[in-house]
Amino acid sequence: MLLVTGGAGFIGTNFIHSWLRTRDEPILNLDSLTYAGNLENLAALSGDRRYIFAHGDIGDANLVGELLQSYKPRAVLNFAAESHVDRSIAGPESFIQTNVVGTFRLLDCVRAYWGGMDGGRRESFRFLHVSTDEVYGSLGSDDPAFTEANAYCPNSPYAASKASSDHLVRAYRHTYGLPVVTTNCSNNYGPYQFPEKLIPLLVHNALTGKALPIYGDGQNVRDWLYVEDHCTAIQRVLEEGTIGDTYNIGGGNEKTNLEVAQTLCAILDEIRPHAQGKSYREQIVFVADRPGHDRRYAIDASKIAAELGWRPAESFESGIRKTVLWYVENSAWVSGVTSGAYRQWIRQQYGVAL
Ligand code: NAD
Ligand code: DAU
């Protein structure tokens, strides 16, 4: 069995579905169900004996210790985190609590569990830590893409908390010999992403006649990866990644935020044309920039390609079309998550304009 943390969030949900589509090995999902966690995402698995849900915090050492002893997973995959940069700017504390303290407690429980294992099971055990390219900081327009050798240079409280967690994971390998691997991935997009992040926020706002807010001049660049490709990369790293190594994962799809917004509008113009014949582009507005906004991220994924044979299957053009269609076809899911608490965040972040 695998223990997946944060499996009710965006990437964890996609990972669980992806894993159970092709394998019989069960998954235990430990999730504290913050605003970003949604059990509806996994409703299709109710009654499936390969899927077990445990409600709780990765920082709850008693609970984590009990789960490890009861279920005896062969690997722990840590997706659980506070993940939204803007929320980390508005209130960093929960990021330190979950991403730093929570990861530390989880690691420490796993160390005790792994220390008590014997023989082959101890040899094959893995702790896979899911991290981000934001730990490397920001690139200039002509800089080469981030490799695994780049120095850490985190700029937001979110990025700093993830960098801290990466360092703890590394230290548990170096000091205690815990068999860890870390992945540092670029921006994901796809089904089940909470509509506080750029792509689902823009699709939701476009369809509900609201403004499409673009920070600053819209020229910040992100390297987009379809979430299913992230999931297959994690599977490859779990299967064959070198213990103690880190692997960069990215889609090779650098786009400015304005390009992303314009692409989404073009797809919506085609599949959901406005009654009056106008373009969704007319809803784009430039708003105040994010404080400390990183200008550009780009991932050099040549290590995982060369060593583990992983490459993304989806192009940006195919992935973004699938994604927009998913949000259009799953308006009930979007309505379910854009509840009172969501509206409160949108008011706090963007003011009354949205
Ligand atoms: P998300 O915010 O959608 O989901 C996070 C999940 O973790 C939620 O289900 C939440 O309930 C759960 N959680 C939060 N705190 C917890 C705690 N203390 N104990 C147990 N569960 C807790 O995040 P995501 O976008 O799915 O990201 C998953 C991981 O991937 C994160 O570690 C993030 O840093 C990393 N990552 C995300 C991206 C991206 O573009 N979204 C890119 C690279 C890396
Ligand atoms: O790079 C990986 C990271 O990608 C992950 O580690 C994070 O968990 C994930 O949230 C994401 O961080 P970003 O800050 O890049 O994602 P976000 O969707 O918040 O923003 C993408 C870009 O769009 C960024 O340059 C800010 C901009 N933006 C975002 C929002 C929400 C806007 O212009 N307008 C917006 O309303």
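Per an unreviewed UniProt entry, the recorded name for the chain is dTDP-glucose 4,6-dehydratase, and the organism is Hyphomicrobium album. Its UniProt record gives the chain the following Catalytic activity (unreviewed entry) comment, quoted word for word: "dTDP-alpha-D-glucose = dTDP-4-dehydro-6-deoxy-alpha-D-glucose + H2O".

**A short note on the overall build of the chain**
For the chain, the count of helices and strands is 13 helices and 13 strands. Whereas a compact globule of 354 residues would reach a radius of gyration of roughly 20 Å, the chain reaches 20 Å, a difference of no more than 12%. Once the C-alpha set of the chain is aligned to its principal axes, its extents read approximately 70 × 50 × 40 Å. Considering only contacts in the chain between residues 6 or more positions apart, those separated by 24 or more positions represent 81%. With the model as given, the accessible surface of the chain reaches about 14,700 Å², and the carbon-plus-sulfur share is 49%. Averaged over its 32 positive side-chain charges, the chain has a centre that lies 3 Å from the centre of its 40 negative ones.

**Digging into the pairing of strand E6 (residues 180-185)**
E6 sits mainly inside the fold: 6 of its 6 residues count as buried. Here E6 shows a buried face lined by Val180, Thr182 and Asn184 and a second buried face lined by Val181, Thr183 and Cys185. Sheet topology places strand E5 (residues 126-132) next to E6; 6 bridges connect them, and they run parallel. Each residue of the ladder has a partner; that of threonine 132, found in E6, is cysteine 185. Regarding the hand of the β-α-β motif, the stretch spanning E5, helix H6 (residues 157-176) and E6 is right-handed. Taken together, the 4 bridges between E6 and strand E11 (residues 246-249) define a ladder with parallel strand orientation.

**A short note on helix H1 (residues 10-22)**
Side chains of residues three or four places apart in an α-helix project in the same direction, reflecting 3.6 residues per turn. The terminal C-alpha atoms of H1 lie 19 Å apart, and with 13 residues this matches the ideal 18 Å at 1.5 Å per residue to within 8%. With 11 of 13 residues buried, H1 is to be regarded as a mostly interior element. What H1 keeps buried is the set Phe10, Ile11, Gly12, Thr13, Asn14, Phe15, Ile16, His17, Ser18, Trp19 and Leu20. On its buried side, H1 packs onto strand E1 (2-5), strand E2 (27-31), strand E3 (51-55), strand E4 (75-78), strand E7 (188-189) and helix H8 (227-240).

**Focus: the nonpolar core**
Ranked by internal contacts, the top residues of the largest apolar core, which has 35 residues, are Tyr189, Ile199, Leu264, Ile284, Ile320, Val324 and Trp333. Top contributing element to this core by residue count: helix H9 (residues 257-271), with 7 residues. Each residue touching leucine 264, except ones within four places of it in the same chain, is listed here: Ile199, Leu202, Val203, Ile320 and Val324. Trp19, Ala75, Leu128 and Ile299 belong to the second-largest nonpolar core, a separate cluster that totals 33 residues.

**A closer look at unusual backbone geometry**
Notably, leucine 33 is not glycine yet its phi reads approximately 55 degrees, a positive angle. On the secondary structure map, leucine 33 appears in the loop between E2 and E3. By relative accessible area, leucine 33 is classed as partly exposed at 28%. Residue tyrosine 192 is not a glycine yet carries a positive backbone phi of 70 degrees. As for its position among the elements, tyrosine 192 is in the loop between E7 and helix H7 (198-207).

**With respect to the side chain of threonine 103**
Within the element layout of this structure, threonine 103 appears in helix H4 (residues 93-115). Discounting residues that sit within four places of it in the chain, threonine 103 has contacts with Ile58, Asn78, Thr98, His129, Ser165 and Val169.

**Things to note about the pattern of salt bridges**
Scanning all chains against the criterion turns up 16 salt bridges. Note that glutamate 196 and arginine 87 form a salt bridge whose closest N and O atoms lie 2.6 Å from each other. Placement of the pair is glutamate 196 in the loop between E7 and H7 and arginine 87 in helix H3 (residues 85-90), with a sequence separation of 109 residues. Summarising the burial analysis for this pair, glutamate 196 and arginine 87 share the class buried. Taking the shortest distance from any N to any O, the salt bridge between lysine 322 and glutamate 314 comes out at 2.9 Å. You can call lysine 322 partly exposed: its relative accessible area is 42%. Judged by relative accessible area, which is 17%, glutamate 314 ranks as buried.

**Digging into empty space enclosed by the protein**
Following the criterion strictly, the structure yields 1 cavity of 30 Å³ or more and no others. The volume enclosed by the largest cavity comes to roughly 60 Å³. If you trace the largest cavity, you find it lined by Val85, Ile89, Glu134, Ser156, Arg222, Arg290, Pro291, Gly292, His293, Asp294 and Tyr297. A class-by-class count of the residues in the lining of the largest cavity yields 4 nonpolar, 3 polar and 4 charged.

**Remarks on the site of ligand 2**
Surrounding ligand 2, one finds 25 residues, the nearest of these being Asp133, Tyr158, Arg290, His293 and Tyr350. Threonine 132 is positioned such that a nitrogen or oxygen atom in its side chain is 2.7 Å from an oxygen atom of ligand 2. Computed on the free molecule, ligand 2 has an accessible area of 690 Å², of which 95% lies beneath the protein chains in the complex. Secondary structure elements with two or more residues in the shell around ligand 2: H3, H7 and strand E8 (212-215). The biggest single contributor to the shell around ligand 2 is E8, with 3 residues.

About the thresholds
Residues numbered from 1 in each chain as written. Chains lettered and ligands numbered in written order. Predicted model: local features only at pLDDT ≥ 70, side-chain atom pairs only at ≥ 80, totals over all residues. Heavy atoms only, no water. UniProt positions renumbered as here; feature names shortened; annotations may be inferred. Helix = DSSP H or I, 4+ residues; strand = E, 2+ residues; numbered from the N terminus. Rg over C-alpha atoms; globule rule 2.2 N^0.38 Å. Contact = heavy atoms within 4.5 Å. Areas by Shrake-Rupley, 256 points an atom, 1.4 Å probe, with all protein chains shown as cover. Lys, Arg positive; Asp, Glu negative; His and termini not counted. Charge placed at Lys NZ, Arg CZ, Asp CG, Glu CD. Buried < 20%, exposed > 50% of the residue type's maximum accessible area, 1.4 Å probe, protein only. Pairing = 2+ DSSP bridges. Right-handed = clockwise from strand over helix to strand, strands pointing away. Expected span 1.5 Å × (residues − 1). Core = buried A, V, L, I, M, F, W, Y, C linked by side-chain atoms within 4.5 Å. Salt bridge = Lys/Arg side-chain N within 4 Å of Asp/Glu carboxyl O. 1 Å grid on protein atoms, 1.4 Å probe; cavity = no way out; pocket = protein on both sides within 12 Å on 5 of 7 lines; lining within 4 Å. Points joined across faces, edges and corners; volume = space filled by probe spheres on them. Nonpolar A, V, L, I, M, F, W, Y, C, P; charged D, E, K, R; others polar. Near = heavy atom within 4 Å. Polar contact = N/O pair within 3.5 Å; in protein donor to acceptor, adjacent residues only side chain to side chain.

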